[in-house]
Amino acid sequence: MANLDYSSPSSVKEVVKILTTAKGKAKVMAGGTDLLVQLRAGRLKASTIVDVKNISELRTIKKEKNGFTIGAAVSGAELGAHKAVNKAWPGVVEGLELIGSTQIQGRASLGGNLCNGSPAADGVPGMIAAGATCLIAGPKGTRTVPVEKIVVSPGRTSLKSGEFLVSFFLPNRPKKSGDAYLRFIPRTEMDIAVVGVGVSLTLDKKGMCTDARVSLGAVAPTALLVKNCANALIGTNIDEDALNALSEAASSACNPIDDKRGTIKYRTKVAGVLARRATVIALKRARKN
Amino acid sequence: MAKHHVEAIINGDPAEFLCGTEQTLLDCLRDELSLTGSKEGCSSGDCGACSVILDGRLVCACLVLGVEVNGKKVETIEGVAKGDDLHPLQKHFLQEAALQCGICTPGFIVAAKALLKENPHPTETEIRYWLAGNLCRCTGYDKIITAVQKAAAEMRGES
Ligand SMILES: Cc1cc2nc3c(=O)[nH]c(=O)nc-3n(C[C@H](O)[C@H](O)[C@H](O)COP(=O)(O)OP(=O)(O)OC[C@H]3O[C@@H](n4cnc5c(N)ncnc54)[C@H](O)[C@@H]3O)c2cc1C
Ligand code: FES
Ligand code: FES
């Protein structure tokens, strides 16, 4: 890590300029809870660190007319303390808050969780289920991209040279909507997800599901948006049959790794079970809203 | 790359030091400022032995760059006692024998101090979850939890 440069610009423009003109490899840093571990372990080489925590757009949560804008570098502790986001999108907050310990929560961000590109990132399925989008800034200006289009393979993103993530947008929800995130880990705290499931759904006045999005983490090279899971719910009252169909669709979508935390067979089975449990929680929340 | 000149408020007093980008806050506290109370257990955010409070938030000093704390406030284990007066947490850790080798203790005390500031009345479960990022290989945790509960009670004026 010798000869490593550091800058902490105060505007989006400056970040883009540094990213495009830096000699060698410039890396964006938010909370640093992935980046610094990787740098220290020698798994990542960089010549410049661009700390984006001093840019207000990346650090604020804003209620807009049509939803919430959440800065990419907002920490888990900050998002967890935001009452309105908690109320509207408890599943999104649940995902980020599951990350690490109290100490990690003081730093870990949604932007870092996504851009690190881990298939098991806990913040990601909840955001995909929520239909969240990312505002990306780069040398050619800004563009907006759905969260599920960012990670292309483990550790790799679709961000182009000079681009970085400024904020997330979570849309307003219709009445009778609810979301939830559940993960399964062998311990009760501080572990990597064997399976993670984010579910977001909307009901009509009679309790029929009119819209749903289901996302699975840790069971494929990237978090998945599983259309067949949503189709199993939409048009039903989310009864036993619908939940069984959802479970089956979740298990069928899995393409997991085999490791000490879970075999392929185990992860596939757990994905079905967890998808059902997360859906039941989202359903309860939707009925109350 | 020239070294960075960093000015921060550490345990209430202004402090300054020079550091390279690659030096973590933990490296700076220990090697540049001789504040060796914060310990290095893993350097990867897993053990909590390096816990400090940065601008009011509990963090792992091994996952913060030294240069990041320019203009910020840092509280370490060295600032917990007031002169010779031990903090209730320190007193109860001793009374309950909540340490053996002691390497994890500064981290636990700083983390517990942050907890009691936010939640003066934590349940046992809340204490256990809050401290889940602090590892201890000696005590088996029960005595640590008891010490935190007793310190919390004393700080609420109940004992
Ligand atoms: C002890 C410990 C426990 C953990 N537990 C969990 C867990 O339970 N679940 C989980 O999902 N993760 C866990 N993590 C991993 C990590 O904490 C999370 O992924 C966290 O959300 C990363 O956020 P950060 O802000 O610290 O990212 P950083 O480390 O700052 O960045 C991560 C990556 O994203 C890039 N990046 C960051 N911000 C941006 C941006 N705005 N635009 C473009 N690229 C960007 C960086 O260049 C880097 O490659 C754990 C880590 C530790 C050390
Ligand atoms: S040394 Fe920082 S968490 Fe272990
Ligand atoms: S007392 Fe030895 S690690 Fe805790």
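Please refer to the structure placed before this passage.
Residues numbered from 1 in each chain as written. Chains lettered and ligands numbered in written order. Predicted model: local features only at pLDDT ≥ 70, side-chain atom pairs only at ≥ 80, totals over all residues. Heavy atoms only, no water.

Participant: What exactly am I supposed to notice about the overall build of chain B here?
Facilitator: Scanning chain B from N- to C-terminus turns up 5 helices and 5 strands. Sequence-ordered secondary structure for chain B, helices as α and strands as β, is β-β-α-β-β-β-α-α-α-α. Each principal axis of the C-alpha atoms in chain B carries an extent, and together these give about 50 × 30 × 25 Å. With 159 residues in all, chain B has 52% of them scored as buried. In chain B, the proportion of contacts linking residues at least 24 apart, taken out of those at least 6 apart, comes to 55%. Counting every atom, chain B has about 7300 Å² of accessible surface; 49% of that belongs to carbon and sulfur. One way to put it: in chain B the 15 positive side-chain charges average out to a point 5 Å from where the 22 negative ones average out. (Helix = DSSP H or I, 4+ residues; strand = E, 2+ residues; numbered from the N terminus. Buried < 20%, exposed > 50% of the residue type's maximum accessible area, 1.4 Å probe, protein only. Contact = heavy atoms within 4.5 Å. Areas by Shrake-Rupley, 256 points an atom, 1.4 Å probe, with all protein chains shown as cover. Lys, Arg positive; Asp, Glu negative; His and termini not counted. Charge placed at Lys NZ, Arg CZ, Asp CG, Glu CD.)

Participant: I tried to follow the site of ligand 1 on my own but got confused; where do I start?
Facilitator: In the neighbourhood of ligand 1, 35 residues make up the surrounding shell, with A:Val28, A:Thr33, A:Asp34, A:Ser109 and A:Asp122 lying closest. One finds residues of chains A and B in close proximity to ligand 1. Between ligand 1 and A:Gly32, the relevant distance is 2.8 Å, taken from an oxygen atom to a main-chain nitrogen or oxygen of the residue. Burial of ligand 1 by the protein chains amounts to 91% of its free accessible area of 980 Å². Those elements that place two or more of their residues in the shell around ligand 1 are strand S2 (26-29), helix H8 (110-115) and strand S10 (164-171) of chain A. Its residues assigned to classes, the shell around ligand 1 comprises 18 nonpolar, 10 polar and 7 charged. (Near = heavy atom within 4 Å. Polar contact = N/O pair within 3.5 Å; in protein donor to acceptor, adjacent residues only side chain to side chain. Nonpolar A, V, L, I, M, F, W, Y, C, P; charged D, E, K, R; others polar.)

Participant: Is there a simple way to think about the packing of helix H2 (residues 88-95) of chain B against helix H3 (residues 105-118) of chain B in this case?
Facilitator: The description of two packed helices rests on the angle between their axes and on the distance between the axes. All names here are of chain B. At their nearest, the axes of H2 and H3 sit 10 Å apart, and the two run at 130° to each other. Between H2 and H3, the interaxial angle falls into the category oblique. Between H2 and H3 the crossing geometry is right-handed. Counting all contacts with H2, which are made through Leu89, Gln90 and Phe93, the residues of H3 involved are Thr105, Phe108, Ile109, Ala112, Lys113 and Leu116. Along the lines of polarity and charge, the residues of the contact of H2 with H3 split into 6 nonpolar, 2 polar and 1 charged. (Axes fitted to C-alpha atoms, helices over the stretch in contact; angles between N-to-C directions. Parallel < 35°, antiparallel > 145°, perpendicular 65-115°, else oblique. Left-handed = near helix turned anticlockwise from the far one by under 90°.)

Participant: Sorry if this is basic, but what is going on with the side chain of B:Asp27 here?
Facilitator: Summarising the element assignment, B:Asp27 is placed in helix H1 (residues 25-32). Taking relative accessible area as the criterion, B:Asp27 reaches 12% and is therefore assigned buried. Among the polar contacts listed, one links the side chain of B:Asp27 to the backbone nitrogen of B:Thr24, at a separation of 3.0 Å. Once residues within four sequence positions are removed from consideration, B:Asp27 is found in contact with A:Arg40, B:Glu22 and B:Glu32.

Participant: Explain the sheet that holds strand S2 (residues 13-19) of chain B here, please?
Facilitator: The strands making up a sheet are joined through hydrogen bonds of the backbone, oriented either antiparallel or parallel. Residue and element names in this part refer to chain B. An order of S2-S1-S5-S3-S4 is seen for the 5 strands of this open sheet, with the pairing classed as mixed. Two strands bound the open sheet, and with one partner strand each, they are S2 and strand S4 (57-60). Taken over all neighbouring pairs, the strand axes of this sheet differ in orientation by 40° on average, direction set aside. Contacts between H1 and the sheet are confined to strand S1 (4-10), S2, strand S3 (51-54) and strand S5 (73-75), with S2 contributing the most and set at about 100° to the helix. In the packing of H3 onto the sheet, contacts are made with S3, S4 and S5, and the angle to S3 comes to roughly 35°. (Pairing = 2+ DSSP bridges.)

Participant: Please explain empty space enclosed by the protein as it appears in this structure.
Facilitator: Once rolled over the atoms, a probe with the size of a water molecule shows which space is left empty. All names here are of chain A. As enumerated under the stated definition, the model contains 1 cavity of 30 Å³ or more in all. In this structure, the largest cavity encloses a volume near 90 Å³. Lining the largest cavity are 15 residues, with Leu114, Val124, Val151, Thr222 and Ala223 positioned closest to its centre. Elements supplying a minimum of two residues to the lining of the largest cavity: H8 and helix H9 (124-130). Of the residues forming the lining of the largest cavity, the biggest block, 3 residues, is contributed by H9. Partitioning the lining of the largest cavity into residue classes produces 9 nonpolar, 5 polar and 1 charged. A domain-level breakdown of the lining of the largest cavity finds at least three residues from each of domain 2 (58-171) and domain 3 (177-288). (1 Å grid on protein atoms, 1.4 Å probe; cavity = no way out; pocket = protein on both sides within 12 Å on 5 of 7 lines; lining within 4 Å. Points joined across faces, edges and corners; volume = space filled by probe spheres on them. Domains from an automatic or database assignment.)

Participant: Any chance you could explain unusual backbone geometry here in plain terms?
Facilitator: Note on backbone geometry: most residues besides glycine have negative phi, and most peptide bonds are trans. Residues and elements named next belong to chain A. A positive phi angle, near 55°, is found at Lys176, a position not held by glycine. When you line up the elements, Lys176 lands in the loop between S10 and strand S11 (177-184). Among the residues examined, Lys176 registers a relative accessible area of 29% and is labelled partly exposed. Of note in the backbone geometry, Ile238 takes a positive phi value of approximately 55° without being a glycine.

Participant: What should I look at first to understand the pairing of strand S4 (residues 61-64) of chain A in this one?
Facilitator: Remark: a regular strand shows side chains that alternate across the two faces of the sheet. Residue and element names in this part refer to chain A. Bridging between S4 and strand S5 (residues 67-71) involves 4 bridges; their strand directions are antiparallel. Within the sheet, the bridge partner assigned to Lys62 lies in S5 and is Thr69. Between S4 and S5, which pair antiparallel and follow one another directly, the connecting turn spans 2 residues.

Everything listed is a geometric property; what it means functionally is a separate question.
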